[in-house]
Amino acid sequence: MRHILNILDLSVEEIDELVATAMDIMARPDVYSNVCHNKTLATLFFEPSTRTRLSFEAAMWELGGRVLGFSEASSSSAAKGESVADTITVVSNYANIIAMRHPKEGAPLVASAHATVPIINAGDGGHNHPTQTLTDLVTIKKELGRFNNLTIGLCGDLKFGRTVHSLIAAMSRYNGIKFVLISPKELKLPAYISKDYIINKNIPFVETTTLEEGIEGLDVLYMTRVQRERFFNEEDYLRLKDRLILTQKKMESAPKGMIVMHPLPRVNEISTEIDSDPRAAYFRQAACGKFARMALIMKLLDLKVGD
Ligand code: CP
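Every value quoted in this text rests on a predicted model; they were computed, and no experiment measured them.

Caption draft 1: How the structure looks around the pattern of salt bridges. By the definition in use, this model includes 21 salt bridges. Of the charged contacts, one joins Arg230 and Glu47 as a salt bridge, the two residues approaching to 3.0 Å between their closest N and O atoms. Here Arg230, found in the loop between β8 (220-223) and α9 (234-240), pairs with Glu47, found in the loop between β1 (40-45) and α2 (51-62); they are 183 residues apart in sequence, far enough to count as distant. Like Arg230, the residue Glu47 is buried in the burial classification. In this structure, Glu57 engages Arg53 in a salt bridge whose closest nitrogen and oxygen atoms are separated by 3.3 Å. Note that Glu57 and Arg53 are positioned in helix α2 at a spacing of four residues, about one turn of the helix. Arg53 shares its class with Glu57; the two are buried. Here the residues in one salt-bridge network are Arg2, Glu14, Glu17 and Lys299, joined through shared partners.

Caption draft 2: Representation of the packing of helix α1 (residues 12-27) against helix α5 (residues 130-144) in the model. At a minimum axis separation of 10 Å, α1 and α5 run at an interaxial angle of 70°. With respect to α5, the axis of α1 lies roughly perpendicular. Note on packing geometry: the crossing formed by α1 with α5 is right-handed. For the pair α1 and α5, contact is made by Ile15, Leu18, Val19, Ala22, Met23 and Met26 and by Leu134, Leu137, Val138, Lys141 and Lys142, respectively.

Caption draft 3: Structural detail: the packing of α1 against helix α11 (residues 282-300). Look at α1 against α11: their axes get within 8 Å of each other, and the N-to-C directions meet at 120°. By the angle class used here, α1 and α11 are oblique. The way α1 lies across α11 gives a crossing that is right-handed. From α1, Glu14, Glu17, Leu18, Thr21, Ala22, Ile25 and Met26 reach across to α11, where they touch Cys288, Phe291, Ala292, Met294, Ala295, Leu296, Met298 and Lys299. Residue classes in the contact of α1 with α11 are distributed as 11 nonpolar, one polar and three charged.

Caption draft 4: Representation of a nonpolar patch on the surface in the model. Taken together, Leu68, Val90 and Tyr94 make up a surface patch of nonpolar side chains, about 260 Å² in accessible area. Structurally, Tyr94 can be placed in the loop between α3 (84-91) and β3 (97-102). The exposure class assigned to Tyr94 is exposed, which follows from its relative accessible area of 52%.

Caption draft 5: Layout of the sheet that holds strand β4 (residues 119-124). As summarised here, the arrangement of the four strands in space is β2-β1-β3-β4, forming an open sheet in which the pairing is parallel. Strand pairing shows two members of the sheet lacking a second neighbour, β2 (66-70) and β4, which therefore form its edges. Strand-to-strand twist in this sheet, taken as the mean axis angle between neighbours without regard to direction, amounts to 15°. As judged from the four bridges shared by β3 and β4, these two strands associate in the parallel manner. If you follow Ala99 over to β4, its bridge partner there is Ile120.

Caption draft 6: Structural context of the side chain of Arg279. With respect to the helices and strands, Arg279 occurs in the loop between β9 (259-261) and α11. Accessibility expressed as a relative area gives 12% for Arg279, which makes it buried. Polar side-chain contacts of Arg279 include one of 3.3 Å to the backbone oxygen of Ala254. Once residues lying within four places of it in the same chain are set aside, the contact partners of Arg279 are Gln248, Met251, Ala254, Pro255, Lys256, Met258, Ile259, Val260 and Arg284.

Caption draft 7: Up close: the site of the ligand. Ser49, Thr50, Arg51, Thr52, Arg101, His129, Gln132, Pro263 and Leu264 make up every residue found near the ligand. At 2.9 Å from an oxygen atom of the ligand is found a side-chain nitrogen or oxygen belonging to Arg51. Contacts to the ligand include His129, whose side-chain N or O atom sits 2.9 Å from an oxygen atom. Its residues assigned to classes, the shell around the ligand shows two nonpolar, five polar and two charged.

Caption draft 8: Local environment of the state of the cysteines. Scanning the entire structure with this criterion turns up zero disulfides. The thiol of Cys288 is unpaired, and the distance to the nearest cysteine sulfur, on Cys36, comes to 19 Å. Looking at Cys288, the relative accessible area reads 4%, which means it is buried.

Caption draft 9: Looking closely at the environment of Asn6. Secondary-structure assignment places Asn6 in the segment before α1. C-alpha of Asn6 to C-alpha of Pro108: the two residues are 102 residues apart in sequence and 9.8 Å apart in space. With sequence-adjacent residues up to four places away left out, Asn6 is seen in contact with Asn128 and Pro130. A distance of 2.8 Å separates a polar side-chain atom of Asn6 from the backbone nitrogen of Leu8.

Rules used in this analysis
- Residue numbers run consecutively from 1 along every chain, following the written order of its sequence.
- The predicted origin of the model limits local features to residues at a pLDDT of at least 70 and limits the giving and counting of side-chain atom pairs to 80 or more, whereas totals for whole chains, interfaces and linings rest on all residues.
- Only hydrogens and water are set aside; all other atoms, that is, all heavy atoms of the structure, feed into the side-chain values.
- Salt bridges are defined as contacts in which a side-chain nitrogen from Lys or Arg sits within 4 Å of a carboxyl oxygen from Asp or Glu.
- By the criteria applied, helices consist of DSSP H or I runs no shorter than four residues and strands consist of E runs no shorter than two, each listed in order from the N terminus.
- Burial classes: relative accessible area under 20% of the type maximum marks a residue as buried, over 50% as exposed, and values in between as partly exposed (1.4 Å probe, protein chains only).
- Lines fitted to C-alpha atoms define the axes, with helix axes restricted to the stretch in contact, and inter-axis angles between N-to-C directions lie between 0 and 180 degrees.
- When an angle is under 35 degrees it counts as roughly parallel; over 145 it counts as roughly antiparallel; between 65 and 115 it counts as roughly perpendicular; any other value is oblique.
- For any helix crossing, the convention is left-handed if the near helix is rotated counterclockwise from the far helix by under a right angle, and right-handed if that rotation is clockwise.
- Contact between two residues is taken to exist if any of their heavy atoms lie within 4.5 Å; hydrogens are not considered.
- Under the scheme applied here, ten amino acids are nonpolar (Ala, Val, Leu, Ile, Met, Phe, Trp, Tyr, Cys and Pro), four are charged (Asp, Glu, Lys and Arg), and all others, including Gly, are polar.
- The residues that make up patches have over 30% relative accessible area and no salt bridge, and they are joined within 9 Å when like-charged or within 5 Å when they are Val, Leu, Ile, Met, Phe, Trp or Tyr.
- Each accessible area is a Shrake-Rupley estimate made with a 1.4 Å probe; only the visible protein chains count as cover when residues are assessed.
- The criterion for strand pairing is that DSSP finds at least two bridges linking the strands in question.
- Counting of polar contacts relies on pairs of N or O atoms within 3.5 Å, with two restrictions inside protein: one atom must be capable of donating a hydrogen and the other of accepting it, and residues adjacent in sequence are counted only when both atoms are side-chain atoms.
- Proximity is defined per residue: if any heavy atom of the residue lies within 4 Å of a molecule or strand, that residue is considered near it.
- Cysteine sulfur atoms that pair up within 2.5 Å are treated as a disulfide.

Encoded structure:
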């Protein structure tokens with residue numbers, strides 16, 4: 001039994017295999033429609049979600065399995081004070097695999113210590129979001145055809161943005177990667193991420209506070225929203241929320257072959273006028289999420305087509 005708490009729990013070879021499986025499911029969905037017959041996924045979401053929870057659920061349904069769970073802590077016994085450890089011990093009896101989102105960093109690690117079925121971290125606080133990264137990798141492969149030799153701009157809330165942290169960890173394992181870190185000074189990448197995954201690996205990077213400076217020469221521009229729910233006071237959020245907005249004018253300086261990604265939800269950081277630009281890949285990226293999660297569920301349950 002394996003848990004996926006961090007994208008680095010998967011080797012580069014396993015990522016290649018999962019991305020290939022996700023692409024095959026996209027091309028031949030009917031072949032996979034019964035792989036999870038008689039298997040149950042529990043989605044335990046202690047924090048709001050649209051894409052992650054619903055794409056996990058769509059993934060399990062489309063693999064022929066079943067789904068149960070809750071979408072907010074207030075509708076579970078967490079509201080009465082039940083611990084994560086007790087919840088997971090109990091739900092392990094009802095499901096073959098659990099996808100869990102929690103506002104506290106490390107909650108999925110606690111869950112994994114008490115689970116008798118695989119735990120998938122569906123986002124823990126400002127820490128990690130490995131299945132978003134798997135989604136991002138499927139998107140990059142589909143859109144650009146490679147993981148090596150990419151210049152990746154990460155823009156917005158690099159401090160609290162867990163999708164950014166997981167994506168940097170994942171991309172730091174490939175060759176010819178350069179990072180352009182675009183954020184207000186107050187929302188810079190945490191030192192432990194830049195030290196472990198950029199500086200110690202001698203990966204070239206630049207830091208800037210403006211999109212105008214950062215956008216030239218990028219293969220990928222990964223936009224993120226300012227994470228209001230992680231701020232200690234509303235004043236700071238209001239001061240920082242609209243510092244970095246991608247507009248059509250700024251896109252004029254971007255390479256023709258660049259793609260714009262965003263884990264979504266978008267608030268105000270990408271102007272809607274960009275949605276019709278062929279380089280806007282964020283809705284195509286959200287579509288990839290279901291296939292990435294189908295591939296991961298199959299792997300963790302050790303199921304293959306024809307089993
Ligand atoms: N990208 C992402 O995690 O979206 P949700 O919060 O809607 O799940």
